[in-house]
Amino acid sequence: MPAATPTAWQPSGAGRWPTPSVALFVTCLGDTLFPDVGKATVTVLERLGITVEFPLEQTCCGQMHLNAGYADEARALGERMERVFAGHELIVSPSASCVAHVREHMPGLAGRVHELSELLVDRLGVEDLGASYTGSVTYHPSCHSLRLLHLGDRPLRLLRAVRGLELHELPEAAECCGFGGTFAVKNADVSSAMLADKLASVEATGAGAVCACDSSCLMHIGGGLERRRAPVRALHLAEILAQ
Amino acid sequence: MSEAARDARPLLFPQAARLALADPQLRANIRLATTTIRAKRAAVVSELPDWEQLREAGQAIKDRALHGLDELLVELEAAVTRAGGTVHWARDAEEANRVVVDLVRATGADEVVKVKSLTTDEIRLNDALQAGGVRAIETDLAELIVQLAGERPSHLLVPAIHKNRTEIRDLFRERLGRPDLSDDPHELAEAARLHLRAAFLRARVAISGLNFAVAETGTCCVVESEGNGRMCLTLPETLITVMGIEKVISRWDDLGVLLQLLPRSSTGERMNPYTSLWTGVRAGDGPRAFHLVLLDAGRTRVLADPEGRPALRCIRCSACLNICPVYKQTGGHAYHTVYAGPIGAILQPQLSGETGQAATLPFASSLCGACYEVCPVKIDIPRILVHERAKAVRAEAQGLEGVGLRFLARVFSQRRRYERAQRLGRALQRPVVRNGHVRWFVGPLKGWGLSRELPALPQQTFREWWEQRERGT
């Protein structure tokens, strides 16, 4: 049986894609530790008929350095990133926190960079990506996605369109998971206490997976779930949408 | 740990937090109290359709005052003096304490009643009074509890938030000589009321802080819940008020905005029970002598930093403490400052310098931003936290962390270097990795390993996958 074809995005006779190609900003964390998230992002975009480019010169946006107090280093990395992506009109990233950082600190790129769900829902006008996922999922809105990008319910709309997916609401969803960049190790005790609360919320939903738009939160939450040997997977939004 | 011992060597935040986290009673108390107050605040704020405009107005009022602080303080002094009060200027805590103690001793009193004042806590006025032979009686119920227990307050607004009613009953039984007391809140409050009433009626001198001082009219304003402030401000012959210079506002009308913002943000009430306003002295009504002590103590230092100065807008509502996910876990004692929580993390290092223990405070945050959302005067606390972190890093060498992060920045600055580092990381991790996970958490990773697994670096990076795909292999 052929895979269900999403109808929302099929170009009509008169229409064509507003933007033929998009540059992927995969992030240093994604590139090095979570390549599946980048691969899933590519899958999702190519399924929509979009050409994905990957400027190989990219490394890191500097968010961690800025937040840790190394402002000069962060500025240099930001300037470098602006140069690397200079020729790209549309940039997408699967990291809400990195997108928030770029928007705030790189004026040259601010208008051009989008988080994945922003790109899909706002720029491309699609919510149904033809994805299917059998199982229950709860969504954790990362602090940057919630308070800086104001992603709102975009990720939820995308998740609701996934065939077979049962969405469970996360209690106290807006509470920080406790990652916070270097905070996770500099204040590891408090970070762990905050994580315990978030894990309790996740486990209370009974969902088989927790989903977010930030690999950093997922590394922390997922790491906690694994330590507890909980039967809950930590998945990035892109990984679910690529199914 | 006793108050004196705690002050002698304030623990750095991570260590202090670890102690707090080991206290289940404290954590339960904090969690219950913050959850309750959060809900109350959210309810009364949602009633106002113009809450966001009120916040912007509050921000503008405080910014305008800070911008013209030097002129406003002079205007305030003139207005207070015209109204029969006396104004004193204190450069630092020592000078302020000297002025206050001398004023008290000049009246011949050996006892004062006090209204809760964070500013007087900040300068350790009670210690200075005691050294000068003057007993200071805290009259705010929570401050009374904390004083009887020989501790320091753990929350801006609810100083005894770390104590539950059973602990308070035990304290009152012992320190108020009331072995009959149960833990019924009404009974406990009545016991405190009887104890305090005697103090109010015999007091000849009161010491207070204030929430706002209006330069235009010379009016001082105290916002409170219990009525002890009203007693202190009206009964004794002499009133001494200590105020941080950032408390001055320009116009009487400014109070209209600020008094809507403050009660809703702090106790989650539409209006607090007692708001007292007084201007100098008035014959036949209230104190015969009024002294206003203007305190700098580092505030001009904060004012000098354009990025950091919004911290001075603070109206001490504590909404940021109540919403903070870090504070929820540790409570206020872990900050070892009078000003705890998010506002403390940006104010204290600016007041005292970004070194030592104070320098650990801006890092006591995951930068979640919830504080900024609830701040009634729109202080962008996360932005200032990052700014303060940069100052801390510039002020003091950060050891291995500095070496590591600077090295990482160099790695990130060149594609080939970065790719080489990725490959090197994969090779070097082999001794500490098994079954795709880190098994031995060394160095900075030790903290991670407390509660989390860490995946090993995968065998292929994203870019290696991409390049392979592009080559068609």
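Scoring rules and cut-offs
- Residues numbered from 1 in each chain as written.
- Chains lettered and ligands numbered in written order.
- Predicted model: local features only at pLDDT ≥ 70, side-chain atom pairs only at ≥ 80, totals over all residues.
- Heavy atoms only, no water.
- Helix = DSSP H or I, 4+ residues; strand = E, 2+ residues; numbered from the N terminus.
- Buried < 20%, exposed > 50% of the residue type's maximum accessible area, 1.4 Å probe, protein only.
- Contact = heavy atoms within 4.5 Å.
- Areas by Shrake-Rupley, 256 points an atom, 1.4 Å probe, with all protein chains shown as cover.
- Lys, Arg positive; Asp, Glu negative; His and termini not counted.
- Charge placed at Lys NZ, Arg CZ, Asp CG, Glu CD.
- Salt bridge = Lys/Arg side-chain N within 4 Å of Asp/Glu carboxyl O.
- Patch = residues over 30% accessible without salt bridge, like charges linked within 9 Å, V, L, I, M, F, W, Y side chains within 5 Å.
- Expected span 1.5 Å × (residues − 1).
- Polar contact = N/O pair within 3.5 Å; in protein donor to acceptor, adjacent residues only side chain to side chain.
- Axes fitted to C-alpha atoms, helices over the stretch in contact; angles between N-to-C directions.
- Parallel < 35°, antiparallel > 145°, perpendicular 65-115°, else oblique.
- Left-handed = near helix turned anticlockwise from the far one by under 90°.
- Nonpolar A, V, L, I, M, F, W, Y, C, P; charged D, E, K, R; others polar.
- Buried area = accessible area lost by both parts, 1.4 Å probe.
- 1 Å grid on protein atoms, 1.4 Å probe; cavity = no way out; pocket = protein on both sides within 12 Å on 5 of 7 lines; lining within 4 Å.
- Points joined across faces, edges and corners; volume = space filled by probe spheres on them.
- Core = buried A, V, L, I, M, F, W, Y, C linked by side-chain atoms within 4.5 Å.
- pLDDT = per-residue confidence, 0-100.
- Pairing = 2+ DSSP bridges.

Caption draft 1: Main features of the overall build of chain B. Helix and strand counts for chain B come out as 23 helices and twelve strands. Classification of the 473 residues of chain B by burial places 56% in the buried group. For chain B, the proportion of contacts with a sequence separation of at least 24, taken over those separated by at least 6, is 74%. Here chain B has roughly 20,500 Å² of accessible surface; of this, 53% comes from carbon and sulfur atoms. If you average the places of the 64 positive and of the 56 negative side-chain charges in chain B, the two averages end up 9 Å apart.

Caption draft 2: Seen up close, the pattern of salt bridges. All names here are of chain B. Counted by the stated rule, this structure contains 50 salt bridges over all chains. Measuring nitrogen to oxygen at the nearest pair gives 2.9 Å for the salt bridge that ties Asp 180 to Arg 178. Arg 178 gets classed as partly exposed once you look at its relative accessible area, which sits at 24%. Residues Arg 299 and Glu 246 are paired through a salt bridge, measuring 2.8 Å at the closest nitrogen-oxygen approach. Of this pair, Arg 299 sits in helix H14 (residues 299-303) while Glu 246 sits in the loop between strand S7 (238-244) and strand S8 (248-249), and the two are 53 residues apart along the sequence.

Caption draft 3: A negative patch on the surface, seen in detail. A surface patch of negative charge is lined by Asp 70, Glu 71, Glu 75, Glu 216 and Asp 253 of chain B. Mapped onto the elements, Glu 75 of chain B comes out in helix H5 (residues 69-82).

Caption draft 4: Inspection of helix H11 (residues 185-202) of chain B at higher detail. All names here are of chain B. With 18 residues, H11 should reach 26 Å at 1.5 Å per residue; the first-to-last C-alpha distance of 26 Å fits that figure. Of all the residues in H11, the buried ones are Leu 188, Ala 191, Ala 192, Leu 196, Ala 199 and Phe 200. Elements in contact with the buried residues of H11: strand S2 (111-114), strand S3 (135-138), helix H9 (141-148), helix H10 (165-175) and helix H12 (228-234).

Caption draft 5: Representation of helix H3 (residues 24-46) of chain B in the model. With 23 residues, H3 of chain B extends 33 Å between its outermost C-alpha atoms, agreeing within 8% with the 33 Å of an ideal straight helix rising 1.5 Å per residue. For H3 of chain B, the capping residue at the N-terminal end is Asp 23 of chain B, with a side-chain oxygen 3.2 Å from the backbone nitrogen of Gln 25 of chain B.

Caption draft 6: Quick look at the packing of helix H4 (residues 71-84) of chain A against helix H20 (residues 400-412) of chain B. Remark: H4 of chain A packs on H20 of chain B, axes separated minimally by 10 Å, with the N-to-C direction vectors making an angle of 15°. Between H4 of chain A and H20 of chain B, the crossing angle belongs to the class labelled roughly parallel. Along this stretch, H4 of chain A crosses H20 of chain B, giving a crossing that reads as left-handed. Of the residues in H20 of chain B, those touching H4 of chain A at Glu 73, Leu 77 and Arg 80 of chain A are Arg 406, Ala 409 and Phe 412 of chain B. Tallied by class, residues from the contact of H4 of chain A with H20 of chain B come to three nonpolar, no polar and three charged.

Caption draft 7: The arrangement of the interface of chain B and chain A in detail. Contacts between the two partners involve 63 residues from chain B, matched on the other side by 59 residues from chain A. Roughly 5,400 Å² of surface becomes buried between chain B and chain A when both sides are summed, with 59% attributable to carbon and sulfur atoms. The largest per-residue losses of area from chain B upon contact with chain A belong to Phe 412, Arg 452 and Phe 462 of chain B, which jointly make up 13% of the total buried on that side. Our count for the contact surface shared by chain B and chain A stands at 13 salt bridges.

Caption draft 8: Just empty space enclosed by the protein, in detail. Residue and element names in this part refer to chain B. Using the criterion set out here, one finds three cavities of 30 Å³ or more in the structure. Size it by volume and the largest cavity reaches roughly 130 Å³. If you go around the largest cavity, you meet 18 residues; those closest to its centre are Cys 324, Pro 342, Ser 365, Cys 371 and Leu 385. Among the secondary structure elements, those contributing two or more residues to the lining of the largest cavity are helix H17 (341-352), helix H18 (370-374) and helix H19 (381-395). Within the lining of the largest cavity, the residues separate by chemical class into 14 nonpolar, four polar and no charged. Taken as a whole, the second largest cavity holds about 90 Å³ of empty space. For the second largest cavity, the full set of lining residues is Cys 314, Ile 315, Cys 317, Ser 318, Ala 319, Cys 320, Ile 343, Cys 375, Pro 376, Val 377, Ile 379 and Ile 381. Of the residues that constitute the lining of the second largest cavity, the class distribution is eleven nonpolar, one polar and no charged.

Caption draft 9: Seen up close, the side chain of Glu 175 of chain A. Relative to the helices and strands, Glu 175 of chain A is located in the loop between strand S6 (163-168) and helix H9 (183-186). Here the side chain of Glu 175 of chain A touches Arg 38 of chain B through a polar contact of 3.1 Å, side chain to side chain. Excluding residues within four positions of it along the chain, Glu 175 of chain A makes contact with His 140 and Lys 198 of chain A together with Arg 38, Pro 325 and Lys 328 of chain B.

Caption draft 10: Structural detail: the nonpolar core. Judged by nonpolar contacts, the single largest core of 112 residues is most densely connected at Phe 13, Leu 76, Phe 172, Leu 292 and Ile 379 of chain B. With six residues, the single largest contributor to this core is H11 of chain B. Ignoring sequence-local partners within four residues, the contact set of Leu 292 of chain B consists of Leu 76, Val 80, Thr 86, Val 87, His 88, Leu 210, Cys 220, Thr 241 and Met 243 of chain B. One finds Leu 24, Ala 40, Leu 129 and Leu 151 of chain A within the second-largest nonpolar core, a separate group that totals 57 residues.

Caption draft 11: Looking closely at the confidence of the model for chain B. In this model, chain B carries a mean pLDDT of 93, and residues with pLDDT of at least 70 account for 96%. Both confidence scores are given for the complex: pTM 0.93, ipTM 0.93.

Caption draft 12: Main features of the pairing of strand S4 (residues 205-208) of chain B. Residue and element names in this part refer to chain B. Because side chains alternate across S4, one face comprises the buried residues Val 205 and Ile 207, and the other comprises Ala 206 and Ser 208, equally buried. Inspection of the sheet shows S2 paired to S4 by two bridges, in the parallel sense. By the bridge assignment for S4, Lys 114 is matched with Ile 207. As defined by bridge partners, S4 adjoins S7 across four bridges and the pair is classed as parallel. Bridge pairing links Ile 207 to Ile 240 in S7.

Caption draft 13: Molecular detail of the packing of H10 of chain B against H11 of chain B. Residues and elements named next belong to chain B. For the pair H10 and H11, the least separation of the axes is 11 Å and the interaxial angle reads 35°. Our pair here, H10 against H11, has a crossing hand that is left-handed. Judged by residue contacts, Arg 165, Ile 168, Arg 169 and Phe 172 of H10 engage Pro 185, Leu 188, Ala 191 and Ala 192 from H11. Residue composition of the contact of H10 with H11, grouped by class: six nonpolar, no polar and two charged.

Caption draft 14: Examining the sheet that holds strand S1 (residues 86-90) of chain B more closely. Residue and element names in this part refer to chain B. Read from one edge to the other, the open sheet built from six strands follows the order S1-S10-S7-S4-S2-S3, with strand pairing classed as parallel. Of all strands in the sheet, those bounded by a partner on one side alone are S1 and S3. Across the sheet, the axes of successive neighbouring strands diverge by a mean angle of 25°, strand direction being ignored. The strands that H11 touches are S2 and S3; relative to S3, the one it contacts most, it runs at about 130°.

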